[in-house]
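Structural description and commentary
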Amino acid sequence: MTVREAVVNNNVGLFARPATFFIQKANEFKSSIWVEKDERRVNAKSLLGVLSMGIMDGSTISLIADGVDEVEALDALEKLVSSQAAV
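A brief look at the structure comes next. (Residues numbered from 1 in each chain as written. Predicted model: local features only at pLDDT ≥ 70, side-chain atom pairs only at ≥ 80, totals over all residues. Heavy atoms only, no water.)

**Brief notes about the side chain of T2**
You can see T2 is positioned in strand β1 (residues 2-7). In terms of polar contacts, T2 uses its side chain to reach the side chain of E70, at 2.6 Å. Residues contacting T2, with those up to four places away along its chain left out, are L63, I64, A65, E70, V71 and L74. (Helix = DSSP H or I, 4+ residues; strand = E, 2+ residues; numbered from the N terminus. Polar contact = N/O pair within 3.5 Å; in protein donor to acceptor, adjacent residues only side chain to side chain. Contact = heavy atoms within 4.5 Å.)

Take a look at the structure:
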């Protein structure tokens, strides 16, 4: 299991379109992936779960992955949420 903190760098946070890109990227990996914020954890492959977190611009989130490609998954997701142009 790998855990990494990331700061969301997007004007709208992880809502609607950015959240869709995020879960699409998460679904490219075999590992189980979760997003955690304020002691609440949701499945990163679930649009409803990610949207329910209310993740705003500047929020610090924990990305947690467990599986064969966990490091690659976290690298890609961290890059996605940290880059304004990506989402």
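**As for the pattern of salt bridges**
Side chains bearing opposite charge may pair, as long as their charged atoms lie close to each other. Summed over the entire model, instances satisfying the criterion amount to 5 salt bridges. Close ionic contact of E78 with R4 constitutes a salt bridge, the shortest N to O distance being 3.2 Å. With E78 in helix α3 (residues 70-82) and R4 in strand β1, this pair connects stretches of sequence that are 74 residues apart. Judged by relative accessible area, E78 falls into the partly exposed class, the value being 25%. Given the relative accessible area of 19%, R4 is considered buried. A salt bridge links E28 to K25; the nearest nitrogen and oxygen atoms lie 3.3 Å apart. Among the charged side chains, a salt-bridge network with shared partners connects R4, D75 and E78. (Salt bridge = Lys/Arg side-chain N within 4 Å of Asp/Glu carboxyl O. Buried < 20%, exposed > 50% of the residue type's maximum accessible area, 1.4 Å probe, protein only.)

**Details of the sheet that holds β1**
Ordered in space as β1-β4-β2-β3, the 4 strands form an open sheet in which the pairing is antiparallel. In this open sheet, the two edge strands, each paired with only one partner strand, are β1 and β3 (40-43). Looking at each pair of strands side by side, their axes are set apart by 25 degrees on average, direction ignored. Its contacts with the sheet put α3 on β1, β2 (32-37) and β4 (60-66), and the angle it makes with β1 is roughly 5 degrees. (Pairing = 2+ DSSP bridges. Axes fitted to C-alpha atoms, helices over the stretch in contact; angles between N-to-C directions.)

**Points about the pairing of β2**
Because side chains alternate across β2, one face comprises the buried residues I33, V35 and K37, and the other comprises S32, W34 and E36, none of which is buried. Of the pairings in the sheet, the one linking β2 to β4 comprises 5 bridges and is antiparallel in character. What sits directly across from I33, in β4, is A65. Relative to β3, β2 runs antiparallel, the two being bridged by 4 bridges. Bridge pairing links W34 to N43 in β3. What sits between the antiparallel neighbours β2 and β3 is a turn of 2 residues, in which D38 has the positive phi angle 50 degrees.

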